[in-house]
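Single-letter residue listing:
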Amino acid sequence: MLCRFAPLAMWARRSSGRKGNTEGEEGVRGLPSPDAIRCCLSEANERRCRAQLGRSQEEGKSGRPTAGVLVPLCLVQGDPSLLLTLRSSKLRGRHKGDVSFPGGKCESSDRDIIDTALRETHEELGFRLAPEHVWGTLKPLSDWSGMVVVPVLANLGALDLGEIRPDPKEVEDVFAISIQHLCSEVNRGSTHFRGQGAQVYTLPVFLKAKYKVWGMTAVMIDGLLSLLFPGAYRSTVRGSRPKVDRSLRGGPRW
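In short, a report on the structure. In this text the structure is predicted, and so the values were computed from the model without any measurement. (Residues numbered from 1 in each chain as written. Predicted model: local features only at pLDDT ≥ 70, side-chain atom pairs only at ≥ 80, totals over all residues. Heavy atoms only, no water.)

Before going further, it helps to spend a moment on the overall build of the protein. Scanning the protein for helices and strands turns up 5 helices and 13 strands. Looking at the protein as a whole, 48% of its 254 residues are labelled buried. Counting every atom, the protein has about 13500 Å² of accessible surface; 51% of that belongs to carbon and sulfur. (Helix = DSSP H or I, 4+ residues; strand = E, 2+ residues; numbered from the N terminus. Buried < 20%, exposed > 50% of the residue type's maximum accessible area, 1.4 Å probe, protein only. Areas by Shrake-Rupley, 256 points an atom, 1.4 Å probe, with all protein chains shown as cover.)

Take a look at the structure:
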């Protein structure tokens, strides 16, 4: 199957997997086909995703955003992938040493949440991304403290990981996970969080890559895969997380 990719400018600088089901047009039911994965960054899919994200933004907002992160699609050795970081273990706060997307809190000088995500990415990873490579914003998420975090989806194009020069004060490692790896059921699991003896919600975990991906970052990836492969990718998220529930134990560090 041939895909036509959009032209891209160069940039400057606890878990249990689910068993597969019957084979069909989408490959294993609930999973994107190999052809769909191979073409997920095509011009046609980009147009569809941009249109869908535009409609979602018009449907309503979940409060004033306080932070933005870049969800960077890319091609690594020809494979559609996601770029992620490992936060420095020397940072303060509960998120040090976590797998995350580049990003951070909004500043008064930022024009909008996209500007926040692009500025933070430049500070952390050392390269500037032109705004035209941004597809839109995914569904905002609220963390345990009430902070509203907006994922900003963009396509970096072909990427050589060896050329990235991260800020060692903020980033300990930079790595990529292929979309194919993320979609494979053997690499996906879930974590169940309970409050007062009853199951409250289930969140995804992505396994068997360089690092385990969980928490808010995993939820963002789950939402991205649902956007890229509508009707083919089966989301792991179940239930709803209460705004405040101090009885939850072992919950994600949001």
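After that view of the structure, there is still more to cover.
Leu73, Leu82, Leu153, Ile179, Ile221, Leu225 and Phe229 are the most contacted members of the largest nonpolar core, which totals 42 residues. It is helix H5 (residues 215-228) that provides the largest number of residues to this core, a total of 9 residues. Look past the residues within four positions of Leu153 in its chain and what remains in contact with it is Leu53, Val71, Leu73, His133, Val134, Trp135, Gly136, Leu138, Leu224 and Leu227. Counting 17 residues, the second-largest nonpolar core is a separate cluster that includes Leu70, Leu83, Leu118 and Leu159. (Core = buried A, V, L, I, M, F, W, Y, C linked by side-chain atoms within 4.5 Å. Contact = heavy atoms within 4.5 Å.)

What follows is about the pattern of salt bridges. Enumeration over the complete set of coordinates arrives at 10 salt bridges. In this structure, Glu120 and Arg119 form a salt bridge, with 3.1 Å as the shortest nitrogen-oxygen distance. Note on Arg119: relative accessible area 16%, which makes it buried. When the shortest N-O distance is used, the salt bridge between Lys169 and Asp167 registers 3.4 Å. Assessed through its relative accessible area of 62%, Lys169 is described here as exposed. One continuous salt-bridge network, built from bridges that share partners, spans Glu107, Asp110, Arg119, Glu120 and Glu123. (Salt bridge = Lys/Arg side-chain N within 4 Å of Asp/Glu carboxyl O.)

A full pass over the atoms with the stated rule returns 1 aromatic pair. Ring geometry for Phe175 and Tyr211: centres 5.0 Å apart, planes at 65°, overall edge-to-face. Of this pair, Phe175 sits in strand E10 (residues 171-178) while Tyr211 is found in the loop between strand E12 (198-206) and H5, placing the two residues 36 residues apart along the sequence. With relative accessibility at 24%, the residue Tyr211 sits in the partly exposed group. (Phe/Tyr/Trp six-rings, centres within 6.5 Å; stacked < 30°, edge-to-face > 60°.)

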